[in-house]
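Notes for the structure review
The chain contents come next:
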Amino acid sequence: RIGMIAIVVCVVIFVIGVAMDRTDPSNPGSPAWLYMILIAVTLAVAAIPEGIPLCVTISLSIGCSDMVTKNVLVRKLAAVETLGSASVICSDK
């Protein structure tokens, strides 16, 4: 019951944020809906700990989308997670 209330609150905050055209303060060029999805998912994770896998999946998907715009080939989502934890990449050429 509390989970449903939390989801309704997150959806309402998402709709209000998109209607008010709230954008990411650190990246004003990004669309409002994308920023509000991140805010709504963050609120859902704070209210319902079972939402953490959803948050991780959305974050990885956004990272994959950014990589696609840079013409990077990604076949498996797990590969992106592994790349995200790398601190040094050594290449030959």
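In this text the structure is predicted, and so the values were computed from the model without any measurement.

For the pair helix H1 (residues 2-19) and helix H2 (residues 32-47), the least separation of the axes is 9 Å and the interaxial angle reads 160 degrees. On the basis of their axis angle, the class for H1 and H2 is roughly antiparallel. Between H1 and H2 lies a crossing of right-handed hand. Of the residues in H2, those in contact with Ala6, Cys10, Ile13, Phe14, Gly17 and Val18 of H1 are Ala32, Trp33, Met36, Ile37, Ile39, Ala40, Leu43, Ala44 and Ala47. Each residue belonging to the contact of H1 with H2 can be placed in one class, and the counts come to 14 nonpolar, one polar and no charged.

Leaving glycine aside, a negative phi is the common case for residues, and trans is the common case for peptide bonds. Despite not being glycine, Asp21 shows a phi value in the positive range, around 60 degrees. Examined against the element boundaries, Asp21 turns out to sit in the loop between H1 and H2. Taking the relative accessible area as the measure of exposure, Asp21 reaches 53% and is therefore exposed.

About the thresholds
Every chain is numbered on its own, with residues counted from 1 as its sequence reads. With pLDDT at 70 or above as the cut-off, local features in this predicted model cover only qualifying residues; side-chain atom pairs require 80 or more to be listed or tallied, and sums for whole chains, interfaces and linings still use all residues. To obtain the side-chain values, all non-hydrogen atoms of the structure were used and water was disregarded. Lines fitted to C-alpha atoms define the axes here, with helix axes fitted over just the stretch in contact, and angles between the N-to-C directions of these axes take values from 0 to 180 degrees. A run of DSSP states H or I qualifies as a helix once it reaches four residues; a run of E qualifies as a strand once it reaches two. Both are numbered from the N-terminal end. An angle counts as roughly parallel when it lies under 35 degrees, as roughly antiparallel when it exceeds 145, as roughly perpendicular when it falls between 65 and 115, and as oblique in every other case. Each helix crossing is assigned a hand: it is left-handed if the near helix lies turned anticlockwise from the far helix by less than a right angle, otherwise right-handed if that turn is clockwise. Throughout, a contact is declared for two residues whenever any of their heavy atoms are within 4.5 Å. Residues are sorted three ways: Asp, Glu, Lys and Arg are charged, Ala, Val, Leu, Ile, Met, Phe, Trp, Tyr, Cys and Pro are nonpolar, and all the rest, Gly among them, are polar. Only protein chains enter the area calculation, which uses a 1.4 Å probe; residues under 20% of their type maximum are buried, those over 50% are exposed, and those in between are partly exposed.

Geometric values such as these leave the question of function open.
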